Amino acid sequence: MIASNWKEVLAPQTEASLSHEIDIFEGQIALMKQGKLDEKVFAETRLRKGVYGQRYDNGQRHDGFQSRTLSFPQRHVKGPGTEWDAPGMQRIKIPFGGMTPDQMDVLAQVADEYAEGILHVTTRQDFQLHYVHIEDTPDMMRRLASVGITTHEACGNVVRNTTCCPLAGVCHTEAFDVTPYAKALADFLMGHDDTQDFGRKIKVAFSGCEDKACGLVMMHDIGFIGKTRLIDGVKVRGFDMYVGGGLGTIPHQAKLLAAFVPEEEIMPISQAVSRVFARLGEKKNRNRARIKFLVARLGIEAFQRLVQEERALLPFDDRWGGYLEEVYAYRETPFKPASPLNGKQRPEGFDTWYRTNVRPQPQEGYVVTTVHLPLGDLTSAQMIQLADVARKYVGDNVRTTVEQNIVFRWVAESDLPALYQDLQAIGLGDTGAGTIVDITACPGTDTCKLGIASSRGLARELIIRLKAKNATLDRAIQDLRIKISGCFNSCGQHHVADIGFFGNSRKSGNRKVPHFQVVLGGQWEKNAGSYGLAIGSVPAKSVPEVVDAITNAYLEQREPAERFQDWVVRLGKKEARELIRPFMPIPAFEVSPAFFADWGDPRTFTLGDLGIGECAGEVVSLFSMEISKAESEAFDAQLALEDGEIQTAAERGFNAMIYAAKALVRTEFLDVGDDPDQIVTSFRKRFFDTEKFFDPYAKGKFGRYLFKHHKDPVENPNQEQARQVIEEAQLFIEATHACEMRLTESIQQSIPVLPQAKPKRKPVKLPPGYKN
């Protein structure tokens, strides 16, 4: 079938509102090609259809020595600095992760025909396809819409995909199945008039349990935890509603907005929250535009009052309670009758798979099985085959997970051996789901424009090494979680991992070296109940040895039955840093050139031909010496926080910013002195006002942290406020490193190359018959 027919052919089986949205977008594409739409307006438009840019879409790619131009046929753009013909990414919404075999078929088809033939499961239960051309997206969207899948508001400053515990409805500890509530609220908020004027996105999650990981409510903008109460002898459903959580550069724990919100109130209160956020949330500075910053600025009590006032003003909407009839009619239907495993013959490898990938349901005779997807990927062919496997064993009871896997629900126990063999046959029978080999990683430098280091390359290497010895690992190590982000933005959820990493870079002499910050002690349970703190940065090529050192120390030092988070707390930040200190040094390039390239990337990081010191090794720059003081002060701030010295922790966090600013200022003005006022003034004049400190994406975001704390120091801070100062100090230090690198590169590129005289050749006496 040719592409021009998809609109006509699929119209009868596509919801009219979805068809209309796609038609509008297709018209906007045409207008953009004609130069009749502002590029910034079109960029937000396509983002709201899930159409993202991708790495190298500005037409430039660095080969390890210099930037090279990528040639694209058309000279249009699809947004600022984004070439029209550059491949992009398409995000596809899967509310609560639920999908059917028919939907899986279409997902596989569009991935094969319009992308690279790989489907990537995200940490928000979405799918992402890469290397998609923008002119293919309308027909792709039509084919998805024909089976009830939309990309509408998969990106942009709107309410994103609503996530939900993948075990909702088949969980032993849940209050009730929150699935139909998640679906109803997702439908209600999508395209709602009150969700169209945000400064940034809102992410929503549902959980049926308080103490398990479930929906990870505490790291969301809006979150719901299901609760029940006895009222007049009747069990009534409701939700504890949270607001203001989020990871990103500065993680915030969500705050309780209201306890036990009645089920008919979750829609209007979400609408009221949206109105308050749209009216009072930051619009000019996108880096402070998430709802977590508004809640922190106003305080939860003031925010609660504003939401209550807004709720009282809302005009009545019959959808608020009208959806409940569908909620109580909602039932998942088992595809096959329950039956026990009993004495069924078990194929080779089955027992290991059963231990890690199978969970019993409260419904007797049924289990949930996890299809483990390393790096969250499966091919189009595997997706087609997996859809057929689902039809055979579970029907429509399939979901994606935030750990980048797929689960089959309502599997009859007696079918497990056959299911395992069928998964093995299509290359999806990997064991280790939910264990240390089930590593979460964002796209990183593979495709993301913000990636600093190769999160997927590192994850791939760790998976290979850990799988090789997984069978011999202690159970306490097997049960740990590793999560990796390619930058500080936490798309890989490193803050809530037992062992987390996020990408950054450092310099050794005149060369850049890919690094990862090590984050220990995040809590996955209790709906992402607490966040880890960075303890130091190590070269990317040292990370596998760092993982070994940390896990070995945990095994040797832990008390009986002591959890990893408890061990990290007892160990303390100072001793934790000592564990990784041996892996922080960078060997000389001549000794280990591999350290100067990232995992899975053959390119070498280089700054050119700067000189190397002679007598005692490489020359260490003044900046390197000064910035080390800032890093030390930031670490001491963490130790003070751990010891309960809250005021000291906050003060040292600010001091770390001052030291970092001074390090940068002294690259231009040696006599800046030690006075904080003078340092801040010089930093503003020389680096901020001139925008030298700005990077292409965060702009001056991290510099504003310094100005904020200099102008308004936190008085009598609580633990959370002190923690935020330390986090912001760490990010300011990282930004200072990045600025100095950019300036050094600029200087090197501006040094003229002097012509060299050609050496005179000495005549060579040749044997008879040869010519010189």
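**Observations regarding empty space enclosed by the protein**
Alright, step 1. Scanning the entire structure with this criterion turns up four cavities of 30 Å³ or more.
Alright, step 2. Taken as a whole, the largest cavity holds about 120 Å³ of empty space.
Alright, step 3. Lining the largest cavity are 15 residues, and of these H495, F502, A534, E727 and Q730 lie nearest its centre.
Alright, step 4. Looking at the lining of the largest cavity, the elements with two or more residues in it are β24 (533-539) and α25 (719-750).
Alright, step 5. If one sorts the elements of the lining of the largest cavity by residue count, α25 sits on top with four residues.
Alright, step 6. Its residues assigned to classes, the lining of the largest cavity comprises seven nonpolar, seven polar and one charged.
Alright, step 7. Split by domain, the residues of the lining of the largest cavity number at least three in each of domain 4 (435-608) and domain 5 (620-772).

**Points about the layout of surface pockets**
Alright, step 1. Put simply, the second largest pocket is a space of about 1200 Å³.
Alright, step 2. Where the lining of the second largest pocket is concerned, the elements lending two or more residues are α12 (350-357), β15 (358-360), β16 (366-371), α16 (475-478) and α19 (564-571).
Alright, step 3. Looking at side-chain class alone, the lining of the second largest pocket contains 19 nonpolar, 10 polar and 13 charged residues.

**Structural notes on the side chain of E727**
Alright, step 1. The residue E727 is located in helix α25 in this model.
Alright, step 2. For the buried E727, no salt bridge is present, and the opposite-charge side chain at shortest range is R723, 4.2 Å distant.
Alright, step 3. Not counting the four nearest positions on each side in its chain, E727 is found in contact with T249, I250, P251, H495, G532 and L533.

**Some thoughts on the sheet that holds strand β21 (residues 482-485)**
Alright, step 1. A sheet is described by the order of its strands in space; here five strands give the open sequence β20-β21-β22-β23-β24, paired in mixed fashion. Edge positions in the open sheet fall to β20 (440-441) and β24, since each of these has one partner strand only.
Alright, step 2. Of the pairings in the sheet, the one linking strand β23 (residues 511-520) to β24 comprises six bridges and is antiparallel in character. Along β24, the bridge assignment pairs F516 with V538.
Alright, step 3. Against the sheet, helix α20 (residues 573-580) engages β23 and β24, with an angle of about 15° to β24.

**Comments concerning the state of the cysteines**
Alright, step 1. Using the criterion set out here, one finds zero disulfides in the structure.
Alright, step 2. Just so you know, C171 is unpaired, no disulfide at all, and the nearest cysteine sulfur is the one on C209, 3.6 Å from it.
Alright, step 3. Of the residues examined, C171 reaches a relative accessible area of 13% and is grouped as buried.
Alright, step 4. Cysteine C442 remains unbridged, with the sulfur of C491 as its closest cysteine sulfur at 5.7 Å.

**Comments concerning the pattern of salt bridges**
A side chain with one charge can pair with a side chain of the opposite charge if their charged atoms come near.
Alright, step 1. Enumeration over the complete set of coordinates arrives at 49 salt bridges.
Alright, step 2. D194 is the partner of R275 in a salt bridge, and the nearest nitrogen-oxygen pair spans 2.9 Å. One end of the pair, R275, is in helix α7 (residues 266-280); the other, D194, is in the loop between α6 (179-189) and β11 (204-207), with 81 residues separating them in the sequence.
Alright, step 3. The exposure class assigned to R275 is partly exposed, which follows from its relative accessible area of 23%.
Alright, step 4. Classification of D194 by relative accessible area gives buried; the value is 15%.
Alright, step 5. D479 serves as the salt-bridge partner of R475, at 3.3 Å between the closest nitrogen and oxygen.
Alright, step 6. What makes D479 partly exposed here is its relative accessible area of 38%.
Alright, step 7. Via salt bridges that share partners, K7, D23, E26, D139 and R142 belong to a single interconnected network.

**Thoughts on the sheet that holds strand β14 (residues 255-262)**
Alright, step 1. With mixed pairing, the five strands of this open sheet are ordered in space as β10-β11-β12-β13-β14. Every other strand in the sheet has two partners, leaving β10 (163-164) and β14 as the edge strands with one partner each.
Alright, step 2. Relative to β11, β10 is paired through two bridges, and the arrangement is parallel. Bridge pairing in β11 links T163 to A205.

**Observations concerning the nonpolar core**
Alright, step 1. Core analysis: the largest hydrophobic core is formed by 53 residues, its most contacted members being Y181, F206, F224, I266, V273 and F303.
Alright, step 2. If you tally residues by element for this core, the top one is α7, at eight residues.
Alright, step 3. If you count residues domain by domain, this core takes at least three from each of domain 2 (171-329) and domain 3 (350-425).
Alright, step 4. Of all hydrophobic cores here, the second largest spans 46 residues; its members include V106, V132, I149 and A387.

**Some remarks on the domain arrangement of the chain**
Alright, step 1. Domain annotation for the chain reports domain 1 (6-145), domain 2 (171-329), domain 3 (350-425), domain 4 (435-608) and domain 5 (620-772).
Alright, step 2. Inter-centroid distance (C-alpha atoms) of domain 2 to domain 4 is 33 Å.
Alright, step 3. Between domain 2 and domain 4, the contact holds 20 residues from the first and 14 residues from the second.
Alright, step 4. When residues of domain 2 are sorted by the area they lose upon contact with domain 4, L216, L247 and Q253 head the list and together hold 33% of the total.
Alright, step 5. Scanning the region where domain 2 abuts domain 4 turns up one salt bridge.
Alright, step 6. In this structure, K526 engages D211 in a salt bridge whose closest nitrogen and oxygen atoms are separated by 3.5 Å.
Alright, step 7. Put simply, domain 2 and domain 4 have 14 residue pairs in polar contact (both at pLDDT 80 or more) between them.

**Structural notes on the pairing of strand β12 (residues 222-231)**
Alright, step 1. Inspection of the sheet shows β11 paired to β12 by four bridges, in the parallel sense. Residue pairing for β12: V204 is matched across the bridge by I222.
Alright, step 2. Note that β12 and strand β13 (residues 234-243) share 10 bridges and pair antiparallel. Each bridged residue has a counterpart across the sheet, and for I231 the counterpart in β13 is V234.
Alright, step 3. Between β12 and β13, which pair antiparallel in sequence order, lie two residues; one of them, D232, sits at a positive phi of approximately 55°.

**What to know about the packing of aromatic side chains**
Alright, step 1. Evaluated as defined, the whole model comprises 29 aromatic pairs.
Alright, step 2. Ring geometry for Y554 and F564: centres 5.2 Å apart, planes at 85°, overall edge-to-face. Of this pair, Y554 sits in helix α18 (residues 543-557) while F564 is found in helix α19, placing the two residues 10 residues apart along the sequence.
Alright, step 3. Taking the relative accessible area as the measure of exposure, Y554 reaches 3% and is therefore buried.
Alright, step 4. The structure contains a cluster of three or more aromatic residues connected by ring pairs, namely F683, F687, F688, F693, F694, F707 and F732.
Alright, step 5. We note R61 situated over the ring of Y56; from NZ or CZ to the ring centre the distance is 5.2 Å.

Reading guide: rules and limits
- Sequence positions are assigned chain by chain, starting from 1 and proceeding in written order.
- In keeping with the model being predicted, local features are shown solely for residues with a pLDDT of at least 70 and side-chain atom pairs are shown and tallied solely at 80 or more, while totals for entire chains, interfaces and linings include all residues.
- Think of the side-chain values as coming from all heavy atoms in the structure, minus any hydrogens and water.
- Grid points spaced at 1 Å and placed over the protein atoms alone form the basis of the search, with a cavity being a set where a 1.4 Å probe fits but cannot get out and a pocket an open set showing protein on both sides within 12 Å along at least five of seven lines. Lining residues have an atom within 4 Å of a point.
- Grid points are joined across faces, edges and corners, and a volume is the space filled by probe spheres set on the points.
- Strands are runs of DSSP state E lasting at least two residues, helices are runs of H or I lasting at least four, and both sets are numbered from the N terminus onward.
- Gly is placed with the polar residues, together with every amino acid not listed as nonpolar (Ala, Val, Leu, Ile, Met, Phe, Trp, Tyr, Cys and Pro) or charged (Asp, Glu, Lys and Arg).
- Domain boundaries shown here were taken from an automatic or database domain assignment.
- Exposure is judged per residue with a 1.4 Å probe applied to protein chains only, and the accessible area is read against the type maximum: over 50% gives exposed, under 20% gives buried, and values in between give partly exposed.
- Charged-residue counts in this description rest on Lys and Arg as positive and Asp and Glu as negative, His and the chain ends being excluded.
- Put simply, a salt bridge is a Lys or Arg side-chain nitrogen that is within 4 Å of an Asp or Glu carboxyl oxygen.
- Any pair of residues with heavy atoms lying within 4.5 Å of one another is described as a contacting pair.
- Pairs of strands are assigned from DSSP output, requiring at least two bridges between the strands.
- Axis angles are defined between N-to-C directions and span 0 to 180 degrees, where every axis is a line fitted to C-alpha atoms and, for a helix, only to the segment in contact.
- The criterion for a disulfide is a pair of cysteine sulfur atoms lying within 2.5 Å.
- By nonpolar core we mean a set of buried residues, namely Ala, Val, Leu, Ile, Met, Phe, Trp, Tyr and Cys, connected to one another through side-chain atoms within 4.5 Å.
- When two components associate, each loses some accessible surface as probed by a 1.4 Å sphere; the sum of these losses over both components is called the buried area.
- Pairs of N or O atoms are called polar contacts if they sit within 3.5 Å, as long as, within protein, a hydrogen donor faces a hydrogen acceptor (for residues adjacent in sequence, only side-chain-to-side-chain pairs).
- Think of it this way: a Phe, Tyr or Trp ring, Trp meaning its six-membered ring, pairs with another when their centres are within 6.5 Å, and the plane angle makes it stacked under 30 degrees, edge-to-face over 60, tilted otherwise.
- Only when the NZ of Lys or the CZ of Arg is both within 6 Å of the ring centre and within 35 degrees of the ring normal is a charge said to sit over the ring.

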